[in-house]
Amino acid sequence: MKVIPFEEKYRQDFIDFNTDWIVSNFGFLEQHDRETFEKIDEEMRAGAMIFFAVEDGIALATCMAMPMEGTTWEICKLGSNKNVPHKGAGSAVFEQAMKWALDHGAKKLFILSNSKLKPALHIYRKYGFKEIKLEDYEYIRGDIAFEYTPEH
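The notes below deal with the structure included here. Quantities reported herein were computed from a predicted structural model and do not represent experimental measurements.

**Some thoughts on the side chain of Asn-81**
Consideration 1: With respect to the helices, strands and loops of the structure, Asn-81 is situated in the loop between strand 4 (72-80) and helix 4 (89-103).
Consideration 2: Overall, Asn-81 belongs to the buried group, its relative accessible area being 8%.
Consideration 3: Separated by 3.0 Å, the side chain of Asn-81 and the backbone oxygen of Ala-59 make a polar contact.
Consideration 4: Polar contacts involving the side chain of Asn-81 include one to the main-chain amide nitrogen of Asn-83, which spans 2.8 Å.

In structure tokens:
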């Protein structure tokens, strides 16, 4: 398995993995989701990057790093291929997305999630993210948020 930055041939995998994950857990996509999928090129021109864990030409998992405001970046759209075993692929793309954001000026990383997504929450905590409380979780399904500030 190797982790690679965005390649056009995996664009649909990014959309499909995340759509499947969201719909199977919550029943529907929200407007924020559709906007992210429709604006991939625009987001990447603004500094975002999508990573894929790939083995034998098959995408196993994906994750996106996206600039927000100032020096805060969001780590988002962590999804995996439900059709193949991929032990460690989610952690691998998540770690690469974190590295991309930090290497491109992030001083703080942010994640919005849902408390029932235990595998994802495990990854966030494993990499040092701490739960924070928000006034507005933006997404209907959002009920938990995390922040990471690198130690200097």
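**Focus on the pairing of strand 4**
On a regular strand, each side chain points to the face opposite its neighbour's, so the side chains alternate between the two faces of the sheet.
Consideration 1: Buried residues dominate strand 4, accounting for 7 of its 9 residues.
Consideration 2: As paired strands, strand 3 (residues 58-67) and strand 4 are joined by 6 bridges and run antiparallel to one another. Following the sheet pairing, Pro-67 is matched in strand 4 by Trp-73.
Consideration 3: In this structure, the hairpin formed by strand 3 and strand 4 is closed by a connection of 4 residues, where Gly-70 is found at a positive phi of approximately 55°.
Consideration 4: Where strand 4 meets strand 5 (residues 108-113), 3 bridges bridge the pair, whose relative direction is parallel. Counted as the bridge partner of Thr-72 is Lys-108 from strand 5.

Thresholds applied
Residues numbered from 1 in each chain as written. Predicted model: local features only at pLDDT ≥ 70, side-chain atom pairs only at ≥ 80, totals over all residues. Heavy atoms only, no water. Helix = DSSP H or I, 4+ residues; strand = E, 2+ residues; numbered from the N terminus. Buried < 20%, exposed > 50% of the residue type's maximum accessible area, 1.4 Å probe, protein only. Polar contact = N/O pair within 3.5 Å; in protein donor to acceptor, adjacent residues only side chain to side chain. Pairing = 2+ DSSP bridges.

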